[in-house]
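Chain and residue survey
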Amino acid sequence: ILSPQHDATHTSPLSGTLAMLPALAAASPTLRTSRPVSRLRRNHRHHHGVHLHLHHRFPSLAADGGGRGRFLLVGTCAASDGSAGQDVGSPESMANSGSAYVGLFVRMLGLDNDAHDREHAICTLWHYSLGGQKCIDEIMQFPGCISLIISLLKSESARACEAAAGLLHNITSVKLYRDVAIESGAMEEIFSCIRKSTITPEIKEQCLCTIWNFSVDEKLRYKLLGSDMLIPIVRFLDDEDIKVKEVAASITSYLTLSHSYHGALVEAGVIPKLVHLLQTKDNDYKIIRKEARSSLVELSTDDSYHALIVDQGLVRIPLVGSSAYKAFRPQPHSWPSFPDGSEIQRSSRPSKYGATELLLGLILNEKKAEPDEAKINAMIGRSNQQFLARVGAIEFDYEGKEQSGSQRNDHHTILPWIDGVARLVLIIGLQDVSAIAKAAHAIGDASVNEHMRTSFMEAGAVKSLLQLLMHNDVPVREASAYALEKLSGSSKVCEKIRVEDGRELLVNVLKDSDTPVEQLEKVTTHNL
């Protein structure tokens, strides 16, 4: 099929198709005028394949199963061919003719054809493959076509190279054909193509989308690791083209599902880049932020890498469910205090009309009453989190699960440290025993440096954790002891424990037979 022999007494249909190519190029969209962005549907990601989607500029290709998708290919060919009596509107004739003309365009991919004809053929087949899996099935029914498609990745024509990568992107979205492409050497050729110094952003995007399809399969991720492609993928997180950056973030998100990749990813410098993407507030970065957050959550499951993430100013937060926050009750009205329990000093110059009772900002001109930066950050975090808790927007039940599959960690999220510290302190003040234990343990995990320890102290964590040592639930007491052990590495926290009469409490708790003695002994050692 791929190398047809021409009969001298018979006019081949291929010659008619070749003569028809200028008309087809005029009738169908070309890459020069409007380029299909065959990115994947972000809201329906899964681990068994990647959905195809259609660009809004090609509504004629958007019908399911390739019905209208065939119309562009078959209808144009029929009109150019000049055949009489062909009913292109008939579904039966459309299906039969569509398969026939797909075969002709696959023949045109042959190495013995003109480079210009091969370019037209690969571009047409790429557009046709956007019609869905049925269209891809029709292309893949011809043995050896995948090898011809892969060969065009080496083409000197940017349009042909992009179309070949785009067609491979669509083909590898089907698991059966993904395996065929791998056996034909598609992965190696894609890697070679993406390393070219002259690669265009469009080719780069399509190549990365194909790699994205490969990364869905856990077995293929190890081939990525052995191909030295991690460093280029991580480098693309800084690419100027946001589409390239988005696909690179999605690939990284899948790679982090395999824990054996974590070390190589961290060595490639992925954590600072993901943190930067997560902190970018641009509306166009919504999907990128989601992917970066997923990657950081997965990386944080390793204690050493979690410490690196905390050093970058982020905190891992357990998702405890929206129902747990229903028990939150704001403090009754009283003279305001800092989160650590210390009162805001009253002004020495009271207003005749009581304005200083209402507008606390009036006292900030007094140097002795001015709070330091740590207290200000603690107040900002507490205000943000308590407001979200009051309006019921602090956590949604679908959070962490909207893009996760069976392998993904959907029990945590990542927050900036100001909000993260305040969120954890708020959770240990709730009534849900499981939520309290998770938050207390998370406080201990996040207490990796002096800055985080003092931040938890200023947020009021020390007093709450001391009270939880008397809780009737053993896991809560163990988690609280663990958190206090980690926090007591700071001399400032130890002083705070003594101010809160924590030493006497610790000694009394040690006498309880149900107390986790080993951890409490460590806490007591720091404070006696």
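Structure shown above.
Our subject in this report is the structure included herewith. (Residues numbered from 1 in each chain as written. Predicted model: local features only at pLDDT ≥ 70, side-chain atom pairs only at ≥ 80, totals over all residues. Heavy atoms only, no water.)

1. Quick word on the pairing of strand E1 (residues 314-318)
By the criterion of burial, E1 is predominantly enclosed, with five of the five residues buried. Neither face of E1 is open: one carries Leu314, Arg316 and Pro318, the other Val315 and Ile317, and all of them are buried. Here E1 runs beside strand E2 (residues 412-416); their pairing, made up of five bridges, is antiparallel. Residue Arg316 lies in a different strand from E2, and its bridge partner there is Ile414. (Buried < 20%, exposed > 50% of the residue type's maximum accessible area, 1.4 Å probe, protein only. Helix = DSSP H or I, 4+ residues; strand = E, 2+ residues; numbered from the N terminus. Pairing = 2+ DSSP bridges.)

2. Comments concerning the state of the cysteines
The full count for this structure, using the stated rule, is zero disulfides. No disulfide involves Cys209; its nearest neighbouring cysteine sulfur is the one of Cys207, lying 9.4 Å away. (Disulfide = S-S within 2.5 Å.)

3. Some details on the nonpolar core
Core analysis: the largest hydrophobic core is formed by 85 residues, its most contacted members being Ile122 and Ile211. With residues up to four places along the chain from it excluded, the contact list for Ile122 reads Leu109, Ile149, Leu152, Ala160, Ala163, Ala164 and Leu167. Counting 45 residues, the second largest nonpolar core, distinct from the first, contains Phe328, Leu424, Ala446 and Ala461. (Core = buried A, V, L, I, M, F, W, Y, C linked by side-chain atoms within 4.5 Å. Contact = heavy atoms within 4.5 Å.)

4. Topic: helix H4 (residues 115-129)
Taking 1.5 Å of rise per residue, 15 residues should cover 21 Å, and H4 covers 21 Å from first to last C-alpha, within 8% of that figure. A large share of H4 lies buried, amounting to 13 of its 15 residues. (Expected span 1.5 Å × (residues − 1).)

5. Comments concerning the pattern of salt bridges
Taken as a whole, this structure holds nine salt bridges when the rule is applied. Close ionic contact of Asp179 with Lys175 constitutes a salt bridge, the shortest N to O distance being 3.7 Å. Taken together, the positions of Asp179 and Lys175, both in helix H8 (residues 175-183) and four residues apart, correspond to about one turn of that helix. Accessibility expressed as a relative area gives 30% for Asp179, which makes it partly exposed. Given a relative accessible area of 40%, Lys175 falls into the partly exposed group. Taking the shortest distance from any N to any O, the salt bridge between Glu500 and Lys496 comes out at 3.4 Å. (Salt bridge = Lys/Arg side-chain N within 4 Å of Asp/Glu carboxyl O.)

6. Quick word on the packing of helix H19 (residues 373-391) against helix H20 (residues 417-427)
Running from N to C, H19 and H20 cross one another at 60°; their axes reach a closest spacing of 8 Å. When the interaxial angle is binned, H19 and H20 end up oblique. Note on packing geometry: the crossing formed by H19 with H20 is right-handed. Residues Asn377, Gly381, Arg382, Asn384, Gln385, Gln386 and Ala389 of H19 touch H20, and the partners they reach there are Trp417, Ile418, Asp419, Ala422, Arg423 and Leu426. Split by residue class, the contact of H19 with H20 holds five nonpolar, five polar and three charged. (Axes fitted to C-alpha atoms, helices over the stretch in contact; angles between N-to-C directions. Parallel < 35°, antiparallel > 145°, perpendicular 65-115°, else oblique. Left-handed = near helix turned anticlockwise from the far one by under 90°. Nonpolar A, V, L, I, M, F, W, Y, C, P; charged D, E, K, R; others polar.)

7. Overview of the side chain of Ser447
Locating Ser447 in the fold gives a position in the loop between helix H21 (433-446) and helix H22 (450-458). Among the residues examined, Ser447 registers a relative accessible area of 4% and is labelled buried. In this structure the side chain of Ser447 is engaged in a polar contact, spanning 2.7 Å, whose partner is the backbone oxygen of Ile443. Every residue in contact with Ser447, bar those within four places of it in the chain, is listed here: Met452, Arg453, Phe456, Lys486 and Leu487. (Polar contact = N/O pair within 3.5 Å; in protein donor to acceptor, adjacent residues only side chain to side chain.)

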